[in-house]
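In case you want the letters, here they are:
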Amino acid sequence: MPEPISQTNAPGGKSARCDVVVIGGGPGGSTAASLLAEKGYRVVLLEKAHHPRFHIGESLLPANLPIMERLGVAAQVHAMGMEKWAAEFVSHWDGRRQEFQFARGWDKTLPLAYHVRRSEFDAMLCKRAAQLGAEVIEGCRVRDVDFLSPGVCVHAEYDDGRTASWTADYLVDASGRDTFLGNRLQTKRRDRKHNSAALYAHFAGARRDCGKSEGNVTIYWFDHGWLWFIPLADGATSIGAVAWPYYMKSRSVPLREFFLATIALCPPLAERLSAATLVSEVEATGNYSYACDRSHGANYFLVGDAYSFIDPVFSSGVMLAMNGGMAAADAIHTCRTLPSRSRSALKRFDRISRHGPKQFSWFIHRVSNPTMRELFLDPSNVLRMEEALMSVLAGDIFGRTPIWGRLRLFKALYYAISLANPKRSLKAWRSRTANIRSGTERVTSG
(Lines give C-alpha, C1' and ligand atoms only; values in the text may rest on other atoms or scores of the structure.)
Protein backbone atom coordinates (compact mmCIF):
# COMPACT_ATOMS: atom_id res chain seq x y z
CA MET A 1 0.00 0.00 0.00
CA PRO A 2 1.41 3.43 -0.89
CA GLU A 3 2.35 5.79 1.92
CA PRO A 4 -0.12 8.62 2.66
CA ILE A 5 0.23 11.63 0.41
CA SER A 6 1.82 14.53 2.23
CA GLN A 7 -0.26 17.71 2.30
CA THR A 8 0.65 21.26 3.25
CA ASN A 9 -1.26 24.50 3.28
CA ALA A 10 -0.35 27.00 0.58
CA PRO A 11 -1.83 30.18 -0.87
CA GLY A 12 -4.88 29.42 -2.95
CA GLY A 13 -5.74 26.21 -1.12
CA LYS A 14 -4.39 22.76 -0.33
CA SER A 15 -1.13 21.69 -1.98
CA ALA A 16 0.16 18.14 -2.18
CA ARG A 17 2.85 15.95 -3.69
CA CYS A 18 2.21 12.60 -5.38
CA ASP A 19 3.63 10.42 -8.14
CA VAL A 20 0.74 10.50 -10.61
CA VAL A 21 -2.36 12.65 -11.03
CA VAL A 22 -5.21 11.09 -13.02
CA ILE A 23 -7.95 13.32 -14.44
CA GLY A 24 -11.26 11.48 -14.72
CA GLY A 25 -12.88 8.60 -12.87
CA GLY A 26 -14.22 6.75 -15.90
CA PRO A 27 -12.98 3.37 -17.16
CA GLY A 28 -9.65 4.67 -18.52
CA GLY A 29 -8.72 6.78 -15.53
CA SER A 30 -9.80 4.20 -12.96
CA THR A 31 -7.85 1.46 -14.76
CA ALA A 32 -4.66 3.53 -14.82
CA ALA A 33 -5.10 4.60 -11.18
CA SER A 34 -5.80 1.03 -10.02
CA LEU A 35 -2.77 -0.52 -11.70
CA LEU A 36 -0.41 2.23 -10.60
CA ALA A 37 -1.65 2.24 -7.01
CA GLU A 38 -1.36 -1.54 -6.92
CA LYS A 39 2.34 -1.15 -7.77
CA GLY A 40 2.82 1.22 -4.84
CA TYR A 41 2.70 4.59 -6.56
CA ARG A 42 1.06 7.54 -4.84
CA VAL A 43 -1.90 8.28 -7.12
CA VAL A 44 -4.49 11.02 -6.91
CA LEU A 45 -7.59 10.58 -9.10
CA LEU A 46 -9.69 13.73 -9.63
CA GLU A 47 -13.28 13.29 -10.85
CA LYS A 48 -15.37 16.39 -11.60
CA ALA A 49 -18.71 14.67 -10.81
CA HIS A 50 -19.89 12.34 -8.06
CA HIS A 51 -20.47 8.63 -8.65
CA PRO A 52 -22.85 7.26 -9.68
CA ARG A 53 -23.32 9.56 -12.70
CA PHE A 54 -24.96 8.86 -16.04
CA HIS A 55 -22.81 8.00 -19.02
CA ILE A 56 -23.64 6.57 -22.41
CA GLY A 57 -21.65 3.66 -23.87
CA GLU A 58 -23.16 0.66 -22.08
CA SER A 59 -21.96 -2.13 -24.36
CA LEU A 60 -18.63 -3.79 -23.58
CA LEU A 61 -16.51 -6.12 -25.74
CA PRO A 62 -15.10 -9.58 -25.00
CA ALA A 63 -11.62 -8.03 -24.99
CA ASN A 64 -12.65 -6.07 -21.88
CA LEU A 65 -12.80 -9.28 -19.84
CA PRO A 66 -9.05 -9.97 -19.44
CA ILE A 67 -8.55 -6.37 -18.27
CA MET A 68 -11.36 -6.70 -15.74
CA GLU A 69 -9.83 -9.93 -14.49
CA ARG A 70 -6.50 -8.15 -14.08
CA LEU A 71 -8.29 -5.46 -12.03
CA GLY A 72 -10.05 -8.09 -9.94
CA VAL A 73 -13.58 -6.97 -10.83
CA ALA A 74 -14.72 -9.67 -13.30
CA ALA A 75 -17.16 -11.24 -10.82
CA GLN A 76 -18.74 -7.86 -10.05
CA VAL A 77 -19.24 -7.12 -13.74
CA HIS A 78 -20.82 -10.53 -14.23
CA ALA A 79 -23.23 -9.80 -11.36
CA MET A 80 -24.30 -6.38 -12.67
CA GLY A 81 -24.25 -6.99 -16.42
CA MET A 82 -26.42 -8.45 -19.15
CA GLU A 83 -24.58 -11.22 -21.01
CA LYS A 84 -23.81 -10.28 -24.62
CA TRP A 85 -23.00 -13.28 -26.80
CA ALA A 86 -23.40 -11.71 -30.21
CA ALA A 87 -23.85 -8.58 -32.29
CA GLU A 88 -26.56 -8.28 -34.94
CA PHE A 89 -26.74 -6.06 -38.00
CA VAL A 90 -30.13 -5.32 -39.60
CA SER A 91 -30.98 -3.63 -42.90
CA HIS A 92 -34.43 -2.06 -42.85
CA TRP A 93 -34.46 -1.71 -46.64
CA ASP A 94 -34.80 -5.44 -47.30
CA GLY A 95 -35.31 -6.88 -43.79
CA ARG A 96 -32.07 -8.87 -43.83
CA ARG A 97 -30.28 -9.45 -40.53
CA GLN A 98 -27.06 -11.20 -39.59
CA GLU A 99 -25.89 -12.38 -36.18
CA PHE A 100 -22.16 -12.50 -35.38
CA GLN A 101 -21.44 -14.77 -32.41
CA PHE A 102 -18.27 -13.88 -30.54
CA ALA A 103 -17.61 -17.59 -29.93
CA ARG A 104 -16.97 -17.90 -33.67
CA GLY A 105 -14.05 -15.49 -33.49
CA TRP A 106 -10.47 -16.60 -33.95
CA ASP A 107 -9.79 -16.78 -30.21
CA LYS A 108 -12.42 -19.13 -28.77
CA THR A 109 -11.63 -18.02 -25.18
CA LEU A 110 -13.47 -14.73 -25.70
CA PRO A 111 -17.08 -15.91 -26.28
CA LEU A 112 -19.05 -13.17 -24.55
CA ALA A 113 -19.16 -9.66 -23.17
CA TYR A 114 -21.63 -7.62 -21.11
CA HIS A 115 -23.91 -4.62 -21.26
CA VAL A 116 -23.74 -2.50 -18.12
CA ARG A 117 -25.26 0.57 -16.58
CA ARG A 118 -22.32 2.89 -16.89
CA SER A 119 -23.28 4.68 -13.67
CA GLU A 120 -22.81 1.39 -11.77
CA PHE A 121 -19.84 0.17 -13.80
CA ASP A 122 -17.86 3.40 -13.56
CA ALA A 123 -18.57 3.73 -9.82
CA MET A 124 -17.37 0.17 -9.27
CA LEU A 125 -14.11 0.77 -11.18
CA CYS A 126 -13.46 4.02 -9.33
CA LYS A 127 -14.09 2.30 -6.00
CA ARG A 128 -11.64 -0.41 -7.02
CA ALA A 129 -8.95 2.23 -7.59
CA ALA A 130 -9.54 3.51 -4.06
CA GLN A 131 -9.39 -0.03 -2.66
CA LEU A 132 -6.00 -0.51 -4.28
CA GLY A 133 -4.63 2.65 -2.69
CA ALA A 134 -5.41 5.57 -5.01
CA GLU A 135 -6.73 8.74 -3.39
CA VAL A 136 -10.02 9.32 -5.20
CA ILE A 137 -11.45 12.84 -4.95
CA GLU A 138 -14.89 13.45 -6.43
CA GLY A 139 -16.51 16.79 -7.09
CA CYS A 140 -13.15 18.27 -8.03
CA ARG A 141 -12.64 19.72 -11.51
CA VAL A 142 -9.17 20.30 -12.96
CA ARG A 143 -8.82 23.90 -14.11
CA ASP A 144 -5.20 24.19 -15.25
CA VAL A 145 -1.85 22.46 -15.40
CA ASP A 146 1.70 23.78 -15.31
CA PHE A 147 4.34 21.71 -17.06
CA LEU A 148 7.46 21.63 -14.96
CA SER A 149 10.90 20.27 -15.71
CA PRO A 150 10.41 17.56 -14.70
CA GLY A 151 6.81 16.84 -13.70
CA VAL A 152 3.53 18.75 -13.64
CA CYS A 153 1.50 20.86 -11.25
CA VAL A 154 -2.26 20.34 -11.52
CA HIS A 155 -4.69 22.98 -10.27
CA ALA A 156 -8.26 22.02 -9.42
CA GLU A 157 -11.44 23.45 -7.92
CA TYR A 158 -13.88 21.69 -5.60
CA ASP A 159 -17.66 21.97 -5.90
CA ASP A 160 -17.72 24.41 -2.99
CA GLY A 161 -15.18 26.74 -4.60
CA ARG A 162 -12.10 25.65 -2.66
CA THR A 163 -8.96 25.21 -4.74
CA ALA A 164 -6.07 22.78 -4.50
CA SER A 165 -2.91 21.85 -6.39
CA TRP A 166 -0.94 18.66 -6.79
CA THR A 167 2.64 18.36 -7.99
CA ALA A 168 3.40 15.03 -9.63
CA ASP A 169 5.86 13.31 -11.89
CA TYR A 170 3.16 12.30 -14.39
CA LEU A 171 -0.32 13.31 -15.48
CA VAL A 172 -2.82 10.88 -17.01
CA ASP A 173 -5.60 12.71 -18.82
CA ALA A 174 -8.65 10.47 -18.88
CA SER A 175 -11.10 13.39 -18.92
CA GLY A 176 -13.23 11.84 -21.67
CA ARG A 177 -14.90 14.09 -24.20
CA ASP A 178 -13.88 17.10 -22.10
CA THR A 179 -10.43 16.46 -23.69
CA PHE A 180 -8.70 18.62 -21.08
CA LEU A 181 -5.16 18.46 -22.47
CA GLY A 182 -6.26 18.23 -26.09
CA ASN A 183 -8.04 21.57 -25.71
CA ARG A 184 -5.34 23.17 -23.59
CA LEU A 185 -2.55 22.14 -25.97
CA GLN A 186 -4.75 22.81 -29.02
CA THR A 187 -4.05 19.37 -30.46
CA LYS A 188 -7.66 18.16 -30.83
CA ARG A 189 -8.77 17.68 -34.45
CA ARG A 190 -12.27 16.80 -35.69
CA ASP A 191 -12.47 13.67 -37.83
CA ARG A 192 -13.65 15.12 -41.14
CA LYS A 193 -14.07 11.64 -42.59
CA HIS A 194 -16.79 10.84 -40.11
CA ASN A 195 -18.74 13.92 -39.14
CA SER A 196 -21.82 12.75 -37.25
CA ALA A 197 -23.96 13.41 -34.17
CA ALA A 198 -26.04 11.28 -31.82
CA LEU A 199 -29.38 11.10 -30.00
CA TYR A 200 -30.04 8.57 -27.24
CA ALA A 201 -32.35 7.60 -24.37
CA HIS A 202 -33.56 4.63 -22.31
CA PHE A 203 -36.83 2.72 -22.80
CA ALA A 204 -38.74 0.22 -20.68
CA GLY A 205 -40.74 -2.63 -22.18
CA ALA A 206 -38.80 -3.11 -25.42
CA ARG A 207 -39.28 -6.49 -27.06
CA ARG A 208 -36.24 -8.73 -26.62
CA ASP A 209 -35.17 -11.98 -28.19
CA CYS A 210 -35.07 -15.23 -26.21
CA GLY A 211 -32.26 -17.30 -24.74
CA LYS A 212 -28.69 -16.24 -25.39
CA SER A 213 -29.93 -13.81 -28.03
CA GLU A 214 -31.69 -11.72 -25.38
CA GLY A 215 -28.52 -9.76 -24.76
CA ASN A 216 -27.54 -9.20 -28.39
CA VAL A 217 -26.55 -5.68 -29.31
CA THR A 218 -28.39 -4.82 -32.54
CA ILE A 219 -27.28 -2.28 -35.12
CA TYR A 220 -29.92 -1.00 -37.55
CA TRP A 221 -28.96 0.82 -40.72
CA PHE A 222 -31.39 3.50 -41.88
CA ASP A 223 -31.38 6.27 -44.48
CA HIS A 224 -29.53 8.82 -42.39
CA GLY A 225 -27.04 6.70 -40.43
CA TRP A 226 -27.54 3.88 -37.94
CA LEU A 227 -29.32 3.09 -34.66
CA TRP A 228 -28.43 0.91 -31.67
CA PHE A 229 -30.46 -1.40 -29.41
CA ILE A 230 -28.68 -2.35 -26.15
CA PRO A 231 -30.65 -4.40 -23.56
CA LEU A 232 -29.65 -3.86 -19.91
CA ALA A 233 -29.96 -6.30 -17.01
CA ASP A 234 -32.52 -4.19 -15.10
CA GLY A 235 -35.03 -4.32 -17.95
CA ALA A 236 -34.20 -0.98 -19.53
CA THR A 237 -33.00 -0.74 -23.12
CA SER A 238 -30.58 1.87 -24.44
CA ILE A 239 -31.61 3.21 -27.84
CA GLY A 240 -29.55 5.64 -29.86
CA ALA A 241 -29.25 7.11 -33.33
CA VAL A 242 -26.00 8.23 -34.97
CA ALA A 243 -26.81 10.39 -37.98
CA TRP A 244 -25.29 12.77 -40.47
CA PRO A 245 -25.31 16.50 -39.62
CA TYR A 246 -27.72 17.42 -42.42
CA TYR A 247 -30.35 15.22 -40.77
CA MET A 248 -29.79 16.71 -37.33
CA LYS A 249 -30.06 20.20 -38.83
CA SER A 250 -33.48 19.31 -40.25
CA ARG A 251 -35.01 19.17 -36.74
CA SER A 252 -37.93 21.57 -36.32
CA VAL A 253 -39.65 19.93 -33.33
CA PRO A 254 -38.58 19.30 -29.70
CA LEU A 255 -35.76 16.81 -29.23
CA ARG A 256 -38.03 14.09 -27.81
CA GLU A 257 -40.40 14.21 -30.78
CA PHE A 258 -37.51 14.29 -33.23
CA PHE A 259 -35.93 11.20 -31.61
CA LEU A 260 -39.18 9.23 -31.73
CA ALA A 261 -39.68 10.27 -35.35
CA THR A 262 -36.15 9.09 -36.14
CA ILE A 263 -36.91 5.67 -34.66
CA ALA A 264 -40.07 5.50 -36.78
CA LEU A 265 -37.91 5.76 -39.91
CA CYS A 266 -36.57 2.27 -39.12
CA PRO A 267 -39.60 -0.10 -39.04
CA PRO A 268 -37.74 -3.15 -37.58
CA LEU A 269 -36.61 -1.10 -34.57
CA ALA A 270 -39.93 0.73 -34.26
CA GLU A 271 -41.71 -2.63 -34.07
CA ARG A 272 -39.50 -3.75 -31.16
CA LEU A 273 -40.36 -0.51 -29.35
CA SER A 274 -44.09 -0.47 -30.18
CA ALA A 275 -45.06 -1.35 -26.59
CA ALA A 276 -42.11 0.42 -24.94
CA THR A 277 -42.11 3.59 -22.85
CA LEU A 278 -39.48 6.28 -22.84
CA VAL A 279 -38.12 6.44 -19.27
CA SER A 280 -35.32 8.98 -19.54
CA GLU A 281 -34.62 12.35 -21.05
CA VAL A 282 -33.46 12.34 -24.67
CA GLU A 283 -29.85 13.48 -24.91
CA ALA A 284 -27.94 14.78 -27.92
CA THR A 285 -24.27 15.27 -28.69
CA GLY A 286 -22.42 16.55 -31.74
CA ASN A 287 -18.83 16.94 -32.96
CA TYR A 288 -18.81 13.20 -32.63
CA SER A 289 -15.47 11.88 -33.86
CA TYR A 290 -12.07 13.45 -33.21
CA ALA A 291 -8.46 12.71 -32.32
CA CYS A 292 -5.54 14.58 -30.80
CA ASP A 293 -2.27 15.05 -32.65
CA ARG A 294 -0.24 13.63 -29.76
CA SER A 295 -1.03 10.79 -27.39
CA HIS A 296 1.64 11.72 -24.83
CA GLY A 297 4.50 13.95 -23.82
CA ALA A 298 7.48 13.41 -21.57
CA ASN A 299 5.29 13.70 -18.45
CA TYR A 300 1.69 13.23 -19.60
CA PHE A 301 -0.53 10.61 -21.26
CA LEU A 302 -3.90 10.91 -23.00
CA VAL A 303 -6.20 7.94 -22.46
CA GLY A 304 -9.50 6.89 -24.00
CA ASP A 305 -11.82 9.64 -25.21
CA ALA A 306 -9.37 12.28 -23.96
CA TYR A 307 -7.16 11.18 -26.86
CA SER A 308 -9.60 9.98 -29.50
CA PHE A 309 -13.30 9.31 -29.93
CA ILE A 310 -14.66 7.25 -32.81
CA ASP A 311 -18.18 6.37 -33.88
CA PRO A 312 -19.45 3.76 -31.35
CA VAL A 313 -20.95 1.37 -33.93
CA PHE A 314 -18.61 -1.44 -32.74
CA SER A 315 -18.90 -0.65 -28.99
CA SER A 316 -15.16 -0.04 -28.77
CA GLY A 317 -15.11 2.97 -26.41
CA VAL A 318 -14.77 1.34 -22.99
CA MET A 319 -12.33 -1.28 -24.26
CA LEU A 320 -10.06 1.33 -25.85
CA ALA A 321 -10.21 3.46 -22.70
CA MET A 322 -9.33 0.60 -20.35
CA ASN A 323 -6.62 -0.69 -22.67
CA GLY A 324 -5.20 2.84 -22.86
CA GLY A 325 -5.27 3.15 -19.08
CA MET A 326 -3.42 -0.13 -18.77
CA ALA A 327 -0.85 0.97 -21.38
CA ALA A 328 -0.31 4.30 -19.57
CA ALA A 329 0.26 2.51 -16.26
CA ASP A 330 2.77 0.16 -17.89
CA ALA A 331 4.60 3.06 -19.55
CA ILE A 332 4.85 5.07 -16.33
CA HIS A 333 6.11 2.05 -14.42
CA THR A 334 8.81 1.42 -17.04
CA CYS A 335 9.86 5.08 -17.07
CA ARG A 336 10.16 5.08 -13.29
CA THR A 337 11.92 1.76 -12.81
CA LEU A 338 13.94 1.47 -16.05
CA PRO A 339 14.75 5.03 -17.17
CA SER A 340 16.98 3.76 -19.96
CA ARG A 341 13.88 2.24 -21.58
CA SER A 342 11.71 5.35 -21.25
CA ARG A 343 11.89 6.24 -24.91
CA SER A 344 10.83 2.79 -26.07
CA ALA A 345 8.04 2.71 -23.43
CA LEU A 346 6.63 5.99 -24.70
CA LYS A 347 6.81 4.79 -28.29
CA ARG A 348 4.98 1.62 -27.33
CA PHE A 349 2.25 3.62 -25.58
CA ASP A 350 1.84 5.80 -28.66
CA ARG A 351 1.68 2.75 -30.92
CA ILE A 352 -1.02 1.17 -28.75
CA SER A 353 -3.00 4.43 -28.53
CA ARG A 354 -3.09 4.86 -32.30
CA HIS A 355 -3.60 1.20 -33.18
CA GLY A 356 -7.11 0.79 -31.80
CA PRO A 357 -8.80 3.82 -33.38
CA LYS A 358 -6.99 3.12 -36.66
CA GLN A 359 -8.19 -0.47 -36.91
CA PHE A 360 -11.80 0.31 -36.01
CA SER A 361 -11.94 3.47 -38.12
CA TRP A 362 -11.31 1.63 -41.38
CA PHE A 363 -14.58 -0.25 -40.86
CA ILE A 364 -16.44 2.69 -39.31
CA HIS A 365 -15.71 4.99 -42.25
CA ARG A 366 -17.26 2.39 -44.56
CA VAL A 367 -20.00 0.86 -42.41
CA SER A 368 -22.79 2.69 -44.28
CA ASN A 369 -21.35 1.84 -47.69
CA PRO A 370 -23.51 -0.67 -49.62
CA THR A 371 -20.50 -2.91 -50.27
CA MET A 372 -19.72 -3.16 -46.56
CA ARG A 373 -23.36 -3.85 -45.78
CA GLU A 374 -23.28 -6.72 -48.26
CA LEU A 375 -20.24 -8.24 -46.60
CA PHE A 376 -21.76 -7.90 -43.13
CA LEU A 377 -25.17 -9.29 -44.12
CA ASP A 378 -23.80 -12.20 -46.11
CA PRO A 379 -20.48 -13.15 -44.45
CA SER A 380 -18.25 -15.98 -45.58
CA ASN A 381 -15.54 -17.73 -43.60
CA VAL A 382 -13.46 -18.45 -46.69
CA LEU A 383 -9.82 -18.41 -45.60
CA ARG A 384 -11.08 -17.63 -42.05
CA MET A 385 -11.97 -14.06 -42.99
CA GLU A 386 -15.19 -14.13 -40.93
CA GLU A 387 -13.25 -15.33 -37.88
CA ALA A 388 -10.82 -12.43 -38.32
CA LEU A 389 -13.72 -9.99 -38.65
CA MET A 390 -15.29 -11.44 -35.50
CA SER A 391 -12.02 -10.83 -33.66
CA VAL A 392 -12.25 -7.15 -34.59
CA LEU A 393 -15.87 -7.01 -33.40
CA ALA A 394 -14.72 -8.65 -30.14
CA GLY A 395 -11.96 -6.04 -29.72
CA ASP A 396 -9.24 -8.68 -29.95
CA ILE A 397 -6.77 -6.44 -31.76
CA PHE A 398 -3.99 -5.89 -29.21
CA GLY A 399 -2.85 -9.44 -28.53
CA ARG A 400 -1.16 -12.09 -30.60
CA THR A 401 -4.21 -13.42 -32.42
CA PRO A 402 -2.98 -13.83 -36.03
CA ILE A 403 -5.82 -12.03 -37.79
CA TRP A 404 -3.97 -9.42 -39.82
CA GLY A 405 -3.34 -11.40 -43.00
CA ARG A 406 -7.02 -12.40 -43.15
CA LEU A 407 -8.11 -8.81 -42.55
CA ARG A 408 -5.98 -7.71 -45.49
CA LEU A 409 -7.81 -10.29 -47.59
CA PHE A 410 -11.15 -8.98 -46.31
CA LYS A 411 -10.19 -5.42 -47.26
CA ALA A 412 -9.04 -6.61 -50.69
CA LEU A 413 -12.41 -8.31 -51.15
CA TYR A 414 -14.17 -5.08 -50.17
CA TYR A 415 -12.22 -3.10 -52.77
CA ALA A 416 -12.77 -5.78 -55.42
CA ILE A 417 -16.55 -5.76 -54.91
CA SER A 418 -16.54 -1.95 -54.95
CA LEU A 419 -14.66 -1.91 -58.26
CA ALA A 420 -17.03 -4.50 -59.70
CA ASN A 421 -19.93 -2.13 -58.95
CA PRO A 422 -18.48 1.22 -60.05
CA LYS A 423 -21.75 3.15 -60.41
CA ARG A 424 -23.02 2.14 -56.98
CA SER A 425 -19.65 2.79 -55.35
CA LEU A 426 -19.25 6.18 -56.99
CA LYS A 427 -22.78 7.18 -55.95
CA ALA A 428 -22.11 6.15 -52.34
CA TRP A 429 -18.76 7.99 -52.27
CA ARG A 430 -20.25 11.18 -53.71
CA SER A 431 -23.17 11.09 -51.30
CA ARG A 432 -20.91 10.55 -48.29
CA THR A 433 -18.52 13.30 -49.36
CA ALA A 434 -21.38 15.74 -49.95
CA ASN A 435 -22.94 14.98 -46.57
CA ILE A 436 -19.67 15.46 -44.72
CA ARG A 437 -18.81 18.71 -46.47
CA SER A 438 -22.12 20.48 -46.76
CA GLY A 439 -24.47 18.66 -44.42
CA THR A 440 -27.30 19.26 -46.88
CA GLU A 441 -27.64 16.28 -49.19
CA ARG A 442 -29.27 13.00 -48.32
CA VAL A 443 -27.07 9.99 -47.69
CA THR A 444 -27.66 7.11 -50.09
CA SER A 445 -29.50 4.03 -48.88
CA GLY A 446 -27.52 1.87 -51.27
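Conventions we followed
For every chain, the first residue of its written sequence is number 1, and the numbers climb from 1 along that sequence. The predicted origin of the model limits local features to residues at a pLDDT of at least 70 and limits the giving and counting of side-chain atom pairs to 80 or more, whereas totals for whole chains, interfaces and linings rest on all residues. Derived side-chain values reflect all non-hydrogen atoms in the structure, with water molecules and hydrogen atoms excluded from consideration. Three exposure classes are used, based on accessible area relative to the maximum for each residue type with a 1.4 Å probe and protein chains only: buried under 20%, partly exposed in between, and exposed over 50%. Comment: elements are numbered from the N terminus, with helices defined as DSSP H or I runs of at least four residues and strands as E runs of at least two. Strands are labelled as partners when DSSP assigns at least two bridges between them. Note that a disulfide, as used here, is simply two cysteine sulfur atoms within 2.5 Å. A helix is expected to span 1.5 Å for every residue after the first. It is the directions from the helix axis to the C-beta atoms whose arc is reported. Two N or O atoms count as a polar contact when they lie within 3.5 Å, although within protein this holds only if one can serve as hydrogen donor and the other as acceptor, and sequence-adjacent residues are included solely when both atoms are side-chain atoms. The contact rule is simple, with two residues in contact once any of their heavy atoms fall within 4.5 Å. What makes a nonpolar core is a set of buried Ala, Val, Leu, Ile, Met, Phe, Trp, Tyr and Cys residues whose side-chain atoms join them at distances within 4.5 Å. The handedness of a crossover follows from its direction of travel: if, with the strands pointing away from the viewer, the path from the first strand over the helix to the second runs clockwise, the crossover is right-handed. Put simply, two rings from Phe, Tyr or Trp (the six-membered ring, in Trp's case) pair if the centres are within 6.5 Å, and we call them stacked under 30 degrees between planes, edge-to-face over 60, tilted for the rest. The rule is short: NZ of Lys or CZ of Arg within 6 Å of the ring centre and within 35 degrees of the ring normal puts a charge over the ring. Think of a salt bridge as a Lys or Arg side-chain nitrogen and an Asp or Glu carboxyl oxygen that are within 4 Å of each other.

**Q** Lay out the pairing of strand S7 (residues 97–101) with the relevant residues and their values.
**A** What you see with S7 is a clean split: Gln-98 and Phe-100 sit on the buried side and Arg-97, Glu-99 and Gln-101 on the side with no burial. As judged from the five bridges shared by strand S6 (residues 86–91) and S7, these two strands associate in the antiparallel manner. Bridging from a neighbouring strand, Phe-89 pairs with Gln-98 of S7. Between S6 and the antiparallel strand that follows it, S7, lie five residues; Gly-95 among them carries a positive phi value of about 80°.

**Q** Got a sec to walk through the sheet that holds strand S21 (residues 290–292)? Specific residues and values, please.
**A** Reading across the sheet, the three strands line up as S14-S21-S23 and stay open at both edges, with antiparallel pairing between neighbours. Bordering the open sheet on either side are strand S14 (188–190) and strand S23 (308–309), each of which pairs with just one other strand.

**Q** Help me get a handle on the state of the cysteines, residues and values and all.
**A** Chemically, a disulfide is nothing more than a covalent bond linking the sulfur atoms of two cysteines. All told, the structure shown has zero disulfides when counted by the stated rule. Cysteine Cys-292 remains unbridged, with the sulfur of Cys-335 as its closest cysteine sulfur at 20 Å. Taking the relative accessible area as the measure of exposure, Cys-292 reaches 4% and is therefore buried.

**Q** Please provide a residue-by-residue account of helix H13 (residues 404–420), values included.
**A** In an α-helix there are 3.6 residues to a turn, and that puts residues three or four apart on one side. In this model, H13 (17 residues) spans 24 Å end to end at C-alpha, consistent with the 24 Å of a helix rising 1.5 Å per residue. For H13, the set of buried residues is Leu-407, Phe-410, Tyr-414, Ile-417 and Ser-418. Take H13 and look down its axis: the buried residues cluster within an arc of 105°, on one side only. Across from the buried face of H13, at angles greater than 90 degrees, the exposed residues are Arg-408, Leu-419 and Ala-420.

**Q** Account for the side chain of Ser-175, with residues named and values stated.
**A** Assignment of secondary structure puts Ser-175 in the loop between strand S13 (170–173) and helix H5 (180–184). For Ser-175, a relative accessible area of 15% translates into the label buried. A polar atom in the side chain of Ser-175 sits 2.6 Å from the side chain of Asp-173. Contact partners of Ser-175, with chain neighbours within four places excluded, come to Ile-23, Phe-180 and Ala-306.

**Q** Pulling in residues and values, what's your account of the nonpolar core?
**A** Counting residues in hydrophobic clusters, the biggest one holds 49 residues, and the most contacted among them are Trp-228, Phe-314, Phe-360, Phe-363 and Phe-376. By residue number, the principal contributor to this core is helix H12 (residues 385–393), which donates six residues. When residues no more than four places from it in sequence are discounted, the contact partners of Phe-314 are Leu-61, Phe-89, Phe-360, Phe-363, Ile-364, Val-367, Phe-376 and Leu-393. By size, the runner-up hydrophobic cluster in this structure holds 46 residues, among which are Val-43, Leu-125, Cys-335 and Ala-345.

**Q** Now, about the pairing of strand S4 (residues 43–47): what can you tell me, with residues and values included?
**A** In terms of residue burial, S4 counts as a mostly covered element, since five of its five residues are buried. Neither face of S4 is exposed, since Val-43, Leu-45 and Glu-47 on one face and Val-44 and Leu-46 on the opposite face are all buried. The pairing of strand S3 (residues 20–23) with S4 spans four bridges and is classified as parallel. Within S4, the residue paired with Val-20 across the bridge is Val-43. Taken together, S3, helix H1 (residues 27–38) and S4 constitute a β-α-β crossover, and its handedness is right-handed. Pairing between S4 and strand S9 (residues 135–138): four bridges, direction parallel. From the neighbouring strand, Val-44 faces S9, where its bridge partner is Glu-135.

**Q** Account for the packing of aromatic side chains, naming residues and giving values.
**A** Tallied over the entire structure, the rule returns 23 aromatic pairs. Ring geometry for Trp-362 versus Phe-363: centroids 5.0 Å apart, planes at 80°, classification edge-to-face. By the burial criterion, Trp-362 is buried, and Phe-363 matches it. An aromatic cluster is defined as three or more aromatic residues linked by ring pairs; in this entry it consists of Phe-89, Phe-100, Trp-221, Phe-314, Phe-360, Trp-362, Phe-363, Phe-376, Phe-410, Tyr-414 and Tyr-415. Residue placement shows Lys-212 over the ring face of Trp-85; its charged tip is 3.9 Å from the ring centre. We note Arg-272 situated over the ring of Phe-229; from NZ or CZ to the ring centre the distance is 3.7 Å.

**Q** Which residues make up the pattern of salt bridges, and what are the values?
**A** One pass over the structure, following the stated rule, counts 23 salt bridges. The partner of Arg-424 in a salt bridge is Glu-374, with the nearest N and O atoms 2.7 Å apart. Here the residue Arg-424 occupies a position in helix H14 (residues 422–438), and Glu-374 occupies one in helix H11 (residues 370–377), the gap between them amounting to 50 residues. You can call Arg-424 partly exposed: its relative accessible area is 22%.

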